[in-house]
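A look at the structure
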Amino acid sequence: RYRRDLHGNVIERSYHNNYTPVINEYGFHKSKLEYDRSGFNIRRSYYGLTDNLVLNSDGFSIVEMVYDYKGNIVKQSFFDQNNNLKVIRKYGHAIGRFEYDQLNNITSQSSYGIADQPILRTTGVVKNIFKNSVIYDKHGNRLEESYFGLNNELVLSDEGAAKYINKYDTFNNRVEQS
């Protein structure tokens, strides 16, 4: 079931089985959403059957987002049911910060802990890095991706590379990665 605000935004979503409230496969009965003046979802929280905050299957109760003027998420923070920042297993951080290019491609992702300090990601596609940086061409192709540690030094990814360089043909097909 959905509840919407005057602008048509979903502000509450709850799960039922034949009108009986149930916990869904993600570990919660209800999610509540809040929006800013621009209509961006800035907070999502998860509740159990007794309307108490619960941890969802990803391990957090609340996620808050901050957006740039183009609608890109520039900061994402995760909290437990006591509203304390929490490092989330799936993402490897409590706070993620993002930067974008003119085409809205993510050019940098960095990870922070519960004291808003830089930390190494513990999970994700690439582990044991603080930040990755990506350079795109005018077509949105990834030309280069680099991985950095806490002291902004290049570090090796799980696959053994600190930097990937891609080459594309005239049809924008990747033809080489080194």
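Before reading on, note that the structure itself is shown above.
Here is a short report on the structure shown in this document. (Residues numbered from 1 in each chain as written. Predicted model: local features only at pLDDT ≥ 70, side-chain atom pairs only at ≥ 80, totals over all residues. Heavy atoms only, no water.)

What to know about the packing of aromatic side chains
Tallying each qualifying case throughout the model produces eight aromatic pairs. Geometrically, the ring pair formed by Phe40 and Tyr67 is stacked, given 4.7 Å between the ring centres and 20 degrees between the ring planes. Within this pair, whereas Phe40 is found in the loop between β5 (30-35) and β6 (41-47), its partner Tyr67 is found in strand β7 (residues 62-67), the two being separated by 27 residues in sequence. On the basis of an interplanar angle of 85 degrees and a centroid distance of 5.5 Å, the ring pair of Tyr112 and Phe130 is categorised as edge-to-face. Here the residue Tyr112 occupies a position in strand β10 (residues 106-112), and Phe130 occupies one in the loop between β10 and β11 (131-136), the gap between them amounting to 18 residues. An aromatic cluster is defined as three or more aromatic residues linked by ring pairs; in this entry it consists of Tyr15, Phe28, Tyr46, Phe60, Phe78 and Tyr91. The ring of Tyr112 has Arg97 sitting right over it, with the charged end atom 4.3 Å from the ring centre. (Phe/Tyr/Trp six-rings, centres within 6.5 Å; stacked < 30°, edge-to-face > 60°. Helix = DSSP H or I, 4+ residues; strand = E, 2+ residues; numbered from the N terminus. Lys NZ or Arg CZ within 6 Å of the ring centre and 35° of its normal.)

Some points on the nonpolar core
Listed in full, the nine residues of the largest apolar core are Phe28, Tyr46, Val54, Phe60, Val63, Met65, Tyr67, Phe78 and Ile88. Per-element accounting of this core gives the leading share, three residues, to β7. If we ignore the near neighbours within four places in the chain, the residues touching Ile88 are Asp58, Gly59, Phe60, Phe78, His93 and Thr123. In terms of nonpolar packing, the next biggest core, distinct from the first, is built from six residues, Ile129, Tyr147, Ala161 and Tyr164 among them. (Core = buried A, V, L, I, M, F, W, Y, C linked by side-chain atoms within 4.5 Å. Buried < 20%, exposed > 50% of the residue type's maximum accessible area, 1.4 Å probe, protein only. Contact = heavy atoms within 4.5 Å.)

Section: the pairing of strand β12 (residues 142-148)
Inspection of the sheet shows β11 paired to β12 by six bridges, in the antiparallel sense. Opposite Tyr136, over in β12, you have Arg142 as the bridge partner. Between β11 and β12, which pair antiparallel in sequence order, lie five residues; one of them, Gly140, sits at a positive phi of approximately 90 degrees. Where β12 lies against strand β13 (residues 163-168), three bridges are found, and the strand directions are antiparallel. From the neighbouring strand, Ser146 faces β13, where its bridge partner is Lys163. (Pairing = 2+ DSSP bridges.)

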